[in-house]
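Remarks on the overall topology
So you can see what is in the structure, the chains are spelled out below.
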Amino acid sequence: MQSIASEPVAMQPIEERLELVRFKVDKTPHIRVNTAACQGCDLTPCVYVCPAGLFEILGGEMHFSYEHCLECGTCYVACERKAIEWDYPRGGWGVSFRAS
Amino acid sequence: MHAQQQFDVIVVGAGPAGSSAALRLARAGLRVALIERGEYPGAKNVSGAVFYAPGLLAELLPSFWEDAPFERYITRRVLTFLGKDAALSLDFRTRHFATPPYNGVTLLRPKFDRWLASKAVEAGALLITSTVVDDLLYEGERVIGVQCRREAGALYAPVVIAADGANSFLAKKAGLQREFSPEEMSLGVKEVLRLSARTIEERFNLTGDEGMASEYVGEATGPVKGGAFLYTNRETLSLGIIVQIASLARQRVKPYELLDRFKQHPSVAPLVRDGVTLEYSAHMIPEGGWQLVPRLVRSGLLVAGDAAALVFATGIFLEGMNFAVASGLAAAETVLEAHQKGDFSATGLAGYQKRLEQSFVLQDLRRFRLTPAFVNNERLQNLYPELFCEAAEQVFRSEGKPRKKLGPTILTTLRRKVSLWTLLRDGWQAGRALFF
Amino acid sequence: MRFAVCLKQAPDSSSVYVDPISGEVDTERFVQTLNAADACALEAALRLKEQLGGSVFALTLGPDESEEALRVALAMGADTVERIWHPSAVNWGPMTIAAALAARLRADSALPDLIFCGEQSSDWASGTVGPALAVYLGLPQITGVIGLKAGQEAGRPVLQVTRRLERGYRERLLAEPPLLLTVHETLNEPRYPSLPAHLAALQARIAVCDPLSLPGFAAVQEAEETTVVEVRTPRPRPHRIPIPDSQLSPFERIGEIITGGTARRQARLVEGSPEELARELVRFLKERGFV
């Protein structure tokens with residue numbers, strides 16, 4: 001019988017998933033990254049651990065967005081350089097789960 | 001100071017820990033402020049979610065099960081070792097778990113947390129939503145209130161219960177909790193899939209409101225340390241993975257890609273087929289166990305629930321909400337005692353630690369303190385599940401050739417990948433962690 | 001001056017999910033909040049009150065849950081609030097709702113000097129209630145307000161209003177109360193209430209008024225004013241854009257995206273003989289990789 005697991009897995013783009021989530025986006029970011037500290041970081045744990053895929057290295061530079069943050073806090077725990085300043089968004093703003 | 005900003009107790013966070021504390025305290029006639037940063041309780045909260053030992057609520061809410069927004073009660077528990085192409089399960093079901101107050105129930109946090117908070121409000125607590133608590137207020141060493149992120153945001157009370165969740169910012173600011181390391185924290189990501197109640201009952205062999213809680217180790221999270229879960233709700237499935245943050249970063253895999261892999265595993269795919277994703281969510285889980293539990297009390301402050309890392313994650317037990325409720329209630333009892341004595345110092349609140357030590361909360365965490373390290377054992381995570389599946393395959397394989405007895409069949413399979421010595425050592429460790 | 005603001009509790013637009021295949025709207029996932037344009041209407045009224053003095057009366061027509069909208073209004077600074085409701089109102093269309101609001105406002109000894117409404121609600125967005133209310137009350141109206149300033153002329157307040165028209169056109173008007181304004185949700189940024197105000201609002205008792213008991217109110221015979229043919233999410237074409245700076249706010253980022261990103265457009269004027277120009281042009285095209 002043919003093995004199914006060895007077949008390529010269809011990955012759903014994270015953006016499609018985030019579309020299902022409700023965000024009330026504040027004007028001021030609740031995540032701040034000291035991108036200077038990211039220079040030369042080749043581990044970039046934030047890029048991999050963020051469940052919303054908010055961190056990306058583009059052209060050798062750290063880019064991030066805070067709008068679709070699920071507010072778990074994983075990024076600042078994972079960052080070894082402590083470059084991520086993370087706080088909760090203003091009360092009533094940010095993500096609101098409805099079906100979880 | 002406005003009288004309006006003075007309370008008998010402030011509870012930060014309207015999750016299971018905070019709301020049960022607020023409910024208990026409001027029932028006792030105290031002026032309770034219950035502060036929640038979400039638009040509604042549960043807006044920021046994610047669990048698997050199975051609430052074990054819901055009977056903890058019975059003391060405050062007799063026959064709560066008639067009214068609580070529970071999805072299904074768990075009568076079926078499954079633990080699966082997942083290989084690449086195979087799966088080996090321990091499948092347990094009993095009718096003894098089918099009577100109220102039930103052994104465990106599935107629920108959806110935005111609904112459940114709102115319900116529990118509404119009980120606290122009915123009892124007289126003031127629920128203050130959409131409000132972040134930024135810091136504690138001190139008078140000398142004593143905590144005397146909280147600073148909310150709003151204009152004129154100070155609120156005062158002789159005692160504060162910090163039930164502010166996994167990130168535990170208040171306990172850290174109060175010097176009770178240290179910074180987390182990525183080894184002791186896990187990330188859970190989850191999807192809720194819609195299926196008809198009928199399909200769920202047929203697919204998972206359930207009747208009426210019966211439910212299943214199923215957990216997976218091994219290939220469920222690829223090379224990353226962690227596990228996966230699949231729980232049945234009324235008309236949805238909750239499916240997700242829980243992974244150690246350090247391991248995720250080291251393996252350089254994205255959590256939602258692991259989720260995709262898990263969903264498409266040959267032994268999972270048929271269970272979730274045609275499920276329409278309703279929501280995607282994520283949350284951090286303090287899975288460090290005993291090591292991670294902070295100092296629980298200082299003058300004018302108690303820490304409860306996830307904020308105190310009171311999560312029981314030991315592979316076969318994945319519990320948090322019951323620990324939250326129990327710690328919330330213990331904190332409430334302690335606060336009542338302190339109000340009677342008028343002593344809110346660390347010694348006056350020391351009863352909290354004692355109460356938790358006498359209950360399952362700290363006893364379970366201490367007794368199973370070796371388990372987190374054992375569960376994160378490289379071989380248990382990445383080798384044994386596959387090996388167990390191979391051994392099972394050897395046992396069940398029929399090729400028209402003479403068979404060996406089961407012992408040699410299994411042992412040869414296992415010893416192809418691990419030495420007998422390692423096997424014995426891991427067996428001993430498993431025993432120490434879980435069995436004796 | 002007396003201000004009245006008509007509010008509605010409506011599903012927040014970010015909580016509305018339309019299934020891309022079936023086109024079905026999942027109402028279970030709605031998060032009900034104070035309608036965004038209505039919050040701006042309230043903010044506008046509060047700012048004018050601060051400038052000119054007076055009081056703000058916020059009212060809504062809706063079931064128990066709509067109390068939340070009024071609590072937000074109280075927290076932001078409304079002086080009085082009232083909820084109008086009767087179970088039969090579940091089936092009312094915008095014309096009847098406007099008639100009920102008009103009856104309630106007429107029940108006071110005098111009409112307010114200024115009435116604010118959101119231009120439209122985030123759910124059905126008919127944009128009808130405000131204009132219909134103006135008609136019922138016999139007031140002049142300005143719709144789609146995106147700019148508002150108050151001044152004095154001969155001791156009387158005069159409003160300078162900017163109004164949004166189609167295709168990006170704007171209309172500037174001077175107006176004197178009494179008047180009804182419907183406000184667009186870009187007019188201002190509603191304030192974030194202070195904690196004492198938030199607490200007071202959470203504990204306030206909210207008065208309820210039965211519209212059927214109001215003098216002069218009768219349900220309006222409404223034509224079927226809207227027929228829903230299809231509901232679906234718009235699908236914009238994909239468009240490649242430069243990556244904006246992450247440290248900026250969304251507003252600034254959108255600005256960057258619209259203006260073409262950090263690399264500004266450049267124009268260079270070359271002068272010389274036709275041969276020189278041709279050579280320069282070829283050199284430029286090669287340099288930029290076009291040839």
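Rules used throughout
- In this numbering scheme, every chain counts its residues from 1 along its sequence in written order.
- To read the labels, note that chains go from A and ligands from 1, taken in the order they are written.
- Local features in this predicted model are restricted to residues whose pLDDT is 70 or higher, and side-chain atom pairs enter the listing and the counts only when it is 80 or higher, whereas totals over whole chains, interfaces and linings include all residues.
- Think of the side-chain values as coming from all heavy atoms in the structure, minus any hydrogens and water.
- Secondary structure follows DSSP: runs of H or I at least 4 residues long count as helices, runs of E at least 2 residues long count as strands, and numbering of each begins at the N terminus.
- Restricting the calculation to C-alpha atoms gives the radius of gyration, and the globule rule supplies 2.2 Å times the number of residues raised to the power 0.38.
- Only protein chains enter the calculation, and the probe is 1.4 Å; a residue is then buried if its accessible area is under 20% of its type maximum, exposed if over 50%, and partly exposed in between.
- Values of accessible area rely on a 1.4 Å probe in the Shrake-Rupley scheme; residue burial ignores everything except the protein chains shown.
- Paired strands, as defined in this entry, are two strands with at least two bridges between them according to DSSP.
- Note on contacts: a residue pair qualifies if any of its non-hydrogen atoms lie within 4.5 Å across the two residues.
- Buried area counts how much accessible surface, traced with a 1.4 Å probe, disappears from two parts once they are put together, with both parts' losses summed.
- Every case where a carboxyl oxygen of Asp or Glu lies within 4 Å of a side-chain nitrogen of Lys or Arg is listed as a salt bridge.
- Counting of polar contacts relies on pairs of N or O atoms within 3.5 Å, with two restrictions inside protein: one atom must be capable of donating a hydrogen and the other of accepting it, and residues adjacent in sequence are counted only when both atoms are side-chain atoms.
- Under the scheme applied, nonpolar residues are Ala, Val, Leu, Ile, Met, Phe, Trp, Tyr, Cys and Pro; charged residues are Asp, Glu, Lys and Arg; polar residues are all the others, including Gly.
- Grouping into patches uses exposed residues only, defined as over 30% relative accessible area, and leaves out salt-bridged ones; the cut-off is 9 Å for like charges and 5 Å for nonpolar side chains (Val, Leu, Ile, Met, Phe, Trp, Tyr).
- Charged-residue counts in this description rest on Lys and Arg as positive and Asp and Glu as negative, His and the chain ends being excluded.
- Positions of charges follow a simple convention, taking NZ of Lys, CZ of Arg, CG of Asp or CD of Glu.
- Working convention: axes come from line fits to C-alpha atoms, limited for helices to the stretch in contact. Angles between N-to-C directions cover 0 to 180 degrees.

1. Quick notes on the overall build of chain B
Per the secondary structure count, chain B includes 15 helices and 20 strands. For 436 residues, the compact-globule formula gives about 22 Å, and the C-alpha radius of gyration of chain B, at 23 Å, lands near that figure. In terms of overall dimensions, chain B has a C-alpha envelope of 85 × 45 × 40 Å along the principal axes. In chain B, which comprises 436 residues, the share counted as buried stands at 62%.

2. Details of the overall build of chain C
Secondary structure assignment for chain C yields 7 helices and 11 strands. For a compact globule of 291 residues, the expected C-alpha radius of gyration is about 19 Å, and chain C comes in at 25 Å, more than 25% above that figure. For chain C, the spread of C-alpha atoms along the principal axes amounts to about 90 × 60 × 45 Å. By the burial criterion, 42% of the 291 residues in chain C qualify as buried. Here chain C has roughly 17000 Å² of accessible surface; of this, 52% comes from carbon and sulfur atoms.

3. Concerning the pairing of strand 12 (residues 185–194) of chain B
Consecutive side chains along a regular strand alternate between the two faces of the sheet. Residues and elements named next belong to chain B. For strand 12, the buried fraction is high: 9 of the 10 residues fall into the buried class. Sheet topology places strand 12 next to strand 16 (residues 276–286); 10 bridges connect them, and they run antiparallel. Across the sheet, the residue bridging to Lys 190 is Ser 281, located in strand 16. Judged from the 9 bridges that link them, strand 12 and strand 15 (residues 236–244) form a sheet pairing that is antiparallel. Paired with Gly 188 across the bridge in strand 15 is Ile 242.

4. A word on the interface of chain C and chain A
With 16 residues of chain C in contact, the opposing surface of chain A contributes 20 residues. For the chain C and chain A pair, buried surface summed over both sides reaches about 1700 Å², with 49% attributable to carbon and sulfur atoms. The interface formed by chain C and chain A contains 3 salt bridges. In this structure, the connection of chain C to chain A is made through 10 residue pairs in polar contact (both at pLDDT 80 or more). Looking at the side of chain C that touches chain A residue by residue, the class counts come to 6 nonpolar, 6 polar and 4 charged.

5. Quick look at unusual backbone geometry
Look at the link from Gly 48 of chain B to Ala 49 of chain B: it is a cis peptide, with omega at 15°. With respect to the helices and strands, the residue Ala 49 of chain B is situated in the loop between strand 2 (32–35) and strand 3 (50–52). For the peptide bond that leads from Pro 177 of chain C to Pro 178 of chain C, omega is 0°, which places it in the cis range. Considering the arrangement of structural elements, one finds Pro 178 of chain C in the loop between strand 9 (170–175) and strand 10 (179–183). The phi dihedral of Tyr 102 of chain B falls on the positive side, at around 75°, and the residue is not glycine. With relative accessibility at 18%, the residue Tyr 102 of chain B sits in the buried group. Unlike most non-glycine residues, Ala 309 of chain B shows phi in positive territory, near 55°.

6. Points about a negative patch on the surface
A grouping of Glu 15, Glu 16, Glu 19 and Glu 56 of chain A is seen on the molecular surface, where their side chains present a negatively charged patch. With respect to the element layout, Glu 16 of chain A can be found in helix 1 (residues 14–18).

7. Focus: helix 5 (residues 195–203) of chain C
Along helix 5 of chain C, the positions that sit buried rather than exposed are Leu 195, Pro 196, His 198, Leu 199 and Ala 201 of chain C. The inward-facing, buried residues of helix 5 of chain C contact strand 7 (126–128), strand 9 (142–148) and strand 10 (154–156) of chain B together with helix 2 (67–76) of chain C. By the N-cap criterion, in which a side-chain oxygen at the helix start approaches the backbone nitrogen of a residue two or three places on, helix 5 of chain C is capped by Ser 194 of chain C, the distance to Ala 197 of chain C being 3.3 Å.

8. Comments concerning the sheet that holds strand 10 of chain B
All names here are of chain B. If you trace the 3 strands from one edge of the open sheet to the other, you get 8-9-10, paired in antiparallel fashion. The sheet is open, and its two borders are formed by strand 8 (133–139) and strand 10, each paired with just one other strand. The sheet shows a mean angle of 35° between the axes of neighbouring strands, taken without regard to direction. Bridge analysis of strand 8 against strand 9 gives 6 bridges, and the strand direction is antiparallel.

9. Let's talk about the interface of chain A and chain B
Interface size, as often reported, equals the accessible area lost upon joining of the parts. Of the residues lining the interface, 49 residues belong to chain A; the matching set on chain B comes to 56 residues. With both sides pooled, the region where chain A packs onto chain B buries about 4300 Å², and carbon together with sulfur makes up 54% of that total. It is Tyr 48, Tyr 88 and Ser 100 of chain A that lose the most area in chain A upon contact with chain B, and together they represent 19% of the buried surface on that side. At the boundary of chain A and chain B, one finds 7 salt bridges.

10. Some points on the environment of Glu 39 of chain B
The topology assignment puts Glu 39 of chain B in the loop between strand 2 and strand 3. Contact partners of Glu 39 of chain B, with chain neighbours within four places excluded, come to Arg 22, Lys 24, Gly 92 and Ser 96 of chain A, Thr 129 and Ser 130 of chain B together with Val 31 and Thr 33 of chain C. A distance of 2.2 Å separates the side chain of Glu 39 of chain B from the side chain of Arg 22 of chain A, its partner in a polar contact. Of the polar contacts made by the side chain of Glu 39 of chain B, one reaches the side chain of Ser 96 of chain A; its length is 2.7 Å.

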